[in-house]
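# Topology and contacts: notes
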There are 2 protein chains.
Amino acid sequence: MPHHDIALIGFGGVNRALAEIIHTRGPELADELGFSLGVVAITDLRLGSLMQADGIDLGAVLRMPAGATFAGLPGGAAIPQNDHVIRHTTADIVVEATFTNPVDGEPAVSHVRAALESGKSVTTTNKGPVALAGAELNRLAREHGVRFEYEGSVVSGTPVLRLASEALTGLRVRGVQGILNGTSNYVLGQMESGMSLTDAVAEAQSLGYAEADPTADIEGSDVQLKVVILANEILGADLTTADVERRGISGVTSADIIRAAAEGSRFKLIGSAYRDDDGTVTARVEPMALPLTHPLASVTGPTNAVSFDTDLLGTVTISGPGAGRLETAYALLSDIIAIDAHLRIAGEVVQ
Amino acid sequence: MPHHDIALIGFGGVNRALAEIIHTRGPELADELGFSLGVVAITDLRLGSLMQADGIDLGAVLRMPAGATFAGLPGGAAIPQNDHVIRHTTADIVVEATFTNPVDGEPAVSHVRAALESGKSVTTTNKGPVALAGAELNRLAREHGVRFEYEGSVVSGTPVLRLASEALTGLRVRGVQGILNGTSNYVLGQMESGMSLTDAVAEAQSLGYAEADPTADIEGSDVQLKVVILANEILGADLTTADVERRGISGVTSADIIRAAAEGSRFKLIGSAYRDDDGTVTARVEPMALPLTHPLASVTGPTNAVSFDTDLLGTVTISGPGAGRLETAYALLSDIIAIDAHLRIAGEVVQ
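Quick caveat, the model's predicted, so the values are computed rather than measured. Per chain, residues are indexed from 1 in the order of the written sequence. The lettering of chains begins at A and the numbering of ligands begins at 1, in the order of writing. Predicted model: local features are reported for residues with pLDDT of at least 70 only, side-chain atom pairs are reported and counted for 80 or more only, and whole-chain, interface and lining totals are derived from all residues. Values reported for side chains reflect all heavy atoms of the structure, with hydrogen atoms and water molecules removed beforehand.

### Observations regarding the relation of the copies chain B and chain A
- Superposition of the copies used a least-squares fit over C-alpha atoms from residues whose pLDDT is at least 70 in both. Overlaying chain B on chain A yields an RMSD of 0.0 Å, the required transformation being a rotation through 180 degrees with an accompanying axial translation of 0.0 Å. Both chain copies can therefore be described as sitting about a two-fold axis. Minimal C-alpha separation from the rotation axis in chain B is found for Ile318(B), amounting to 2.2 Å.
- What makes two residues a contact is simply this: any of their non-hydrogen atoms within 4.5 Å. Most of the interface of chain B is mirrored in chain A: 100% of its interface residues are interface residues there too.

### A few points about the packing of helix α7 (residues 182–192) of chain A against helix α8 (residues 197–206) of chain A
Residue and element names in this part refer to chain A.
- As a rule, the C-alpha atoms of each element are fitted with a line to give its axis, helices using only the stretch in contact, and angles between N-to-C directions run from 0 to 180 degrees. Here a strand is any run of E in DSSP of at least two residues, a helix any run of H or I of at least four, and the numbering for each starts at the N terminus. Between α7 and α8, the least distance of the axes is 9 Å, while the angle of their chain directions is 130 degrees. Classed by the angle they form, the pair α7 and α8 counts as oblique. Handedness of the α7/α8 crossing: right-handed. Contact residues: α7 offers Thr 183, Tyr 186, Val 187, Gln 190 and Met 191, while α8 offers Leu 197, Ala 200, Val 201, Glu 203 and Ala 204.
- Here the term charged refers only to Asp, Glu, Lys and Arg, the term nonpolar to Ala, Val, Leu, Ile, Met, Phe, Trp, Tyr, Cys and Pro, and the term polar to all other amino acids, Gly among them. When its residues are assigned to classes, the contact of α7 with α8 shows seven nonpolar, two polar and one charged. Here the angle decides the label: under 35 degrees means roughly parallel, over 145 means roughly antiparallel, 65 to 115 means roughly perpendicular, and every other value means oblique. Less than a right angle of anticlockwise turn of the near helix away from the far helix marks a crossing as left-handed, whereas a clockwise turn marks it as right-handed.

### Quick word on the sheet that holds strand β7 (residues 148–149) of chain A
Residues and elements named next belong to chain A.
- A pair of strands is labelled paired if DSSP reports no fewer than 2 bridges between them. On the basis of which strands lie adjacent, the open sheet formed by seven strands has the order β4-β3-β2-β1-β5-β6-β7 and mixed pairing. The sheet terminates laterally at β4 (76–77) and β7, the two strands that pair on one side only.
- Sheet topology note: the strand β1 (residues 3–9)/strand β2 (residues 36–44) ladder contains seven bridges and is parallel. Residue pairing across strands places Ile 6 opposite Val 39, the latter belonging to β2.

### Concerning the environment of Gly182(B)
All names here are of chain B.
- Within the fold, Gly 182 resides in helix α7 (residues 182–192).
- Accessible area is worked out with a 1.4 Å probe on protein chains only. A residue is then buried under 20% of its type maximum, exposed over 50%, and partly exposed in between. Overall, the relative accessible area of 19% leaves Gly 182 in the buried class.
- Excluding residues that lie within four positions of it along the chain, Gly 182 makes contacts with Gly 301, Pro 302 and Asn 304.

### So, the sheet that holds strand β8 (residues 173–179) of chain A
- Spatial ordering of the open sheet is given by β9(A)-β11(A)-β10(A)-β8(A)-β12(A)-β13(A)-β13(B)-β12(B)-β8(B)-β10(B)-β11(B)-β9(B), a layout of 12 strands whose pairing is mixed. Looking at which strands have only one partner, the edges of the open sheet turn out to be β9 (244–246) of chain A together with β9 (244–246) of chain B. Geometrically, the sheet is characterised by an average inter-axis angle of 20 degrees between neighbouring strands, direction not taken into account.
- Here strand β8 (residues 173–179) of chain B pairs with strand β10 (residues 265–275) of chain B via four bridges, running antiparallel. Looking at the pairing, Val176(B) lines up with Ala273(B) of β10(B).

### Concerning the side chain of Ser334(B)
Residue and element names in this part refer to chain B.
- Tracing the backbone shows Ser 334 in helix α12 (residues 325–345).
- By relative accessible area, which is 7% here, Ser 334 ends up buried.
- For this analysis, a polar contact is any N or O atom pair within 3.5 Å, provided that within protein one partner can donate a hydrogen and the other can accept it, and provided that sequence-adjacent residues contribute only side-chain to side-chain pairs. Among the polar contacts listed, one links the side chain of Ser 334 to the side chain of Arg 162, at a separation of 2.9 Å.
- Among residues more than four places away in sequence, those in contact with Ser 334 are Glu 151 and Arg 162.

### Regarding the pattern of salt bridges
Residue and element names in this part refer to chain A.
- Each salt bridge in this description consists of a side-chain nitrogen of Lys or Arg and a carboxyl oxygen of Asp or Glu lying within 4 Å of one another. Evaluation of the coordinates by the stated rule reveals 39 salt bridges over all chains.
- Close ionic contact of Glu 149 with Arg 162 constitutes a salt bridge, the shortest N to O distance being 2.9 Å. In this pair, Glu 149 is assigned in strand β7 and Arg 162 in helix α6 (residues 160–167), connecting sequence segments 13 residues apart. For the residue pair Glu 149 and Arg 162, the accessibility class agrees, reading buried in each case.
- For the salt bridge of Arg 162 with Asp 335, the shortest nitrogen-to-oxygen distance reads 2.8 Å. Highlighted residues: Arg 162 in helix α6 and Asp 335 in helix α12 (residues 325–345), separated in sequence by 173 residues.

Written as structure tokens, this is what we have:
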């Protein structure tokens, strides 16, 4: 049976969830997918690095007590030698799930670059590398005959990018619009029930939806990065964040929301990208009062959704979870499945 | 460039729309898809049969005056010799878009069987062959090394089946539920606005949504066939229509709808199939009062939608058009794209 060895860069909630999935349902998954998976390297800020070409015992790693590190294990070190591990691991797929610096995408961009340069395919859940360096990294992947996949960079494991690439082929997609941030969507919903913006944000924080600093969620810069990804990936644009006009929800008042409700509409923070008649793609992030019959109007709470405006089918909408540990780990698994399929067609997986 | 010759069985609205798409954007489509398409056979109840192995001039056929037939054209006959054409056409893909007899699926079942037996791949928009003879026809396709595709048999060109097969791989789908009939959905919406069932059905008929005999829409037997397809295709069940308990919307009263609205919910005709803990699949069609926060509650008018209940992602929902000439022609095109991809992986398309 074909086999892929993977390296986990970052061992926080998402990569840990992926390790749990591989550990608990490996044989069953292999039966279904037609290939098996092993983990041969892990790096983590707190745990350090671990490289074992014969395969890491995931059960043992998942059971490690709090505070323990990889130091002392065969192939282990207390320091997370990300670049060294990425370049020298025997893995053929690198799973990048560290964190996103929204300004330059580091350190994730460097991780992805190192992996592609050393001939490994990459899956990441980080928006940063895709939104800020997507064109360069996709080119690198092509040059090295490997794949760069990032379903989880937009709407977690909900297959927005894969729906577009696999199931809407042959259509002209004129535009996309979406609810791409669960926190702001939750906050707008609570404001509709009479809560103030400040109280709603505090509640979202206490529920774990919002970050300690909720600015990126509330002011739309999280959505801005995702709109760049959707525009470039689905409309073939070449946008950077500076090209995406951005207005968050901090300017939306309770009075606005009440007035909208009286008119049969509902405020949503909408990220959109449309191809104009001259071929230019215009993208923006803004709060919009949508009529209740709009396919995005009823997407509530932490659920996200994207609508595709197409020539032959009109509007097609997909909705699903926009965050979550298991949900995002599934995005990685779905990318690994896509990488396997592509490499197998190219004849680069040993059958 | 790889090429596929296709045969159009039935030349009503849907196959005519497909012919228009191929005629007006052939070269552009070929660039995008990596293969070209030609039509080498057409049969139709009114037009007769036409077989031209070098490729039919679609422009000329689309411009034929009302009342004209294929008689007198090279390879033409006034009679639609479906079985003969299907078995003897030089096409490698047969596009079946005649009509569905909901009892035995004929004549579509025979058309599909003849095509598969003579080594041709098939795409159909007919529910009949899939719901009533799907297992047999899929087995025939495997035996002959060809493909049987039927995206348009459920929710028109909205890629419900392909989302499940291409973009939800690796998930356990525990169940599906959907709004699968536009007419009944439109009627329930009008009843919510105070119209009687009878008036709403009459209006749906005048708008062209409902058939002259709306029984299959109103009493749920149209949805019943689609639930069989979803259960068998997505949950791997082996159901027949008799296994799907069915209740339509004729028993739903205005009083029911008003009471539901007062409780913050909305009646929808829901087709569903769920896998129980013991592996059995239970499927039914019934009107349900859904809370407004339910992902299917806000799917209005002729729009259809299907929600997948999955282990790692929770609920993922896709919505889009449930009918329409172009929309259904796209289902056929998407099937042809899938057939090409499969045959190409199998090495059976000349590159």
